[in-house]
Amino acid sequence: MRRYFLYIIISMVTIVLCGCSVTVGNSDDSYVNDLCAEIVRCFDEEDVDGLERLFCENSRNSNDLVTQIQEAFDKYEGQSTSQYRLYDTSWAGGYDNGICVDKHYSPQIKELVTSDGKEYLISFYTYEIFESDSGKIGIGALGLYDDEGNLLASIAR
């Protein structure tokens, strides 16, 4: 009888937890990895248009992105020479009736060493899915930091 009661309690807890609308999961696709590689490429090649295209519509419409991107490129010295490390690539989001309606990331590109001997960290947030506002799909904001954690440049923040 005690096992049966325990089984019912565990089942109820499982059902309640699985019914929650917020989910956190591992990166189950290459979205964030590809995005990080493209960001690094844009910094290495000073590709303003390429980086601007990665930002969401809302950020492109409400900020002077071209100027901010150019200012960030001015602070970034050299080209990447090392294999950078990615942190916080898991996603969070929500489901509605079993359909993912919100999937967002806040990754960090760490240990990004350049040919000029500088080390940088790039952090940003991005939505892959946001059903209630498609203008948020893409990078919302991005920060470039030195190896001591000092903010060098901010884009769309």
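This text gives an overview of the structure that appears in the document. Owing to the predicted nature of the structure, the values given are computational and were not obtained by experimental measurement.

Cut-offs used in this document
Residues numbered from 1 in each chain as written. Predicted model: local features only at pLDDT ≥ 70, side-chain atom pairs only at ≥ 80, totals over all residues. Heavy atoms only, no water. Pairing = 2+ DSSP bridges. Helix = DSSP H or I, 4+ residues; strand = E, 2+ residues; numbered from the N terminus. Salt bridge = Lys/Arg side-chain N within 4 Å of Asp/Glu carboxyl O. Buried < 20%, exposed > 50% of the residue type's maximum accessible area, 1.4 Å probe, protein only.

1. Re the pairing of strand S8 (residues 151–155)
Here comes step 1: Relative to S8, strand S7 (residues 138–146) is paired through four bridges, and the arrangement is antiparallel. Of the residues in S8, the one forming a bridge with Leu144 is Ala153.

2. Points about the pattern of salt bridges
Here comes step 1: Applying the stated criterion to the full structure yields six salt bridges.
Here comes step 2: Glu38 is the partner of Arg41 in a salt bridge, and the nearest nitrogen-oxygen pair spans 2.7 Å. Highlighted residues: Arg41 and Glu38, both in helix H2 (residues 31–45), separated by three residues, approximately one helical turn.
Here comes step 3: You can call Arg41 partly exposed: its relative accessible area is 26%.
Here comes step 4: The class of Glu38 is partly exposed, set by a relative accessible area of 25%.
Here comes step 5: Linking Arg85 and Glu111 is a salt bridge whose minimum nitrogen-to-oxygen distance equals 3.3 Å. Remark: Glu111 occurs in strand S5 (residues 108–113) and Arg85 occurs in strand S2 (residues 85–87); sequence separation between them is 26 residues.
Here comes step 6: When salt bridges that share partners are traced, they join Glu38, Arg41, Glu45 and Asp47 into one network.

3. Thoughts on unusual backbone geometry
Backbone geometry follows two general trends: most residues other than glycine have a negative phi, and most peptide bonds adopt the trans configuration.
Here comes step 1: Residue Glu111 is not a glycine yet carries a positive backbone phi of 55°.
Here comes step 2: Accessibility expressed as a relative area gives 34% for Glu111, which makes it partly exposed.
Here comes step 3: In this model, Ala156 sits at a positive phi of 65°, which is unusual for a non-glycine residue.
Here comes step 4: Of note, Ala156 is situated in the segment after S8.

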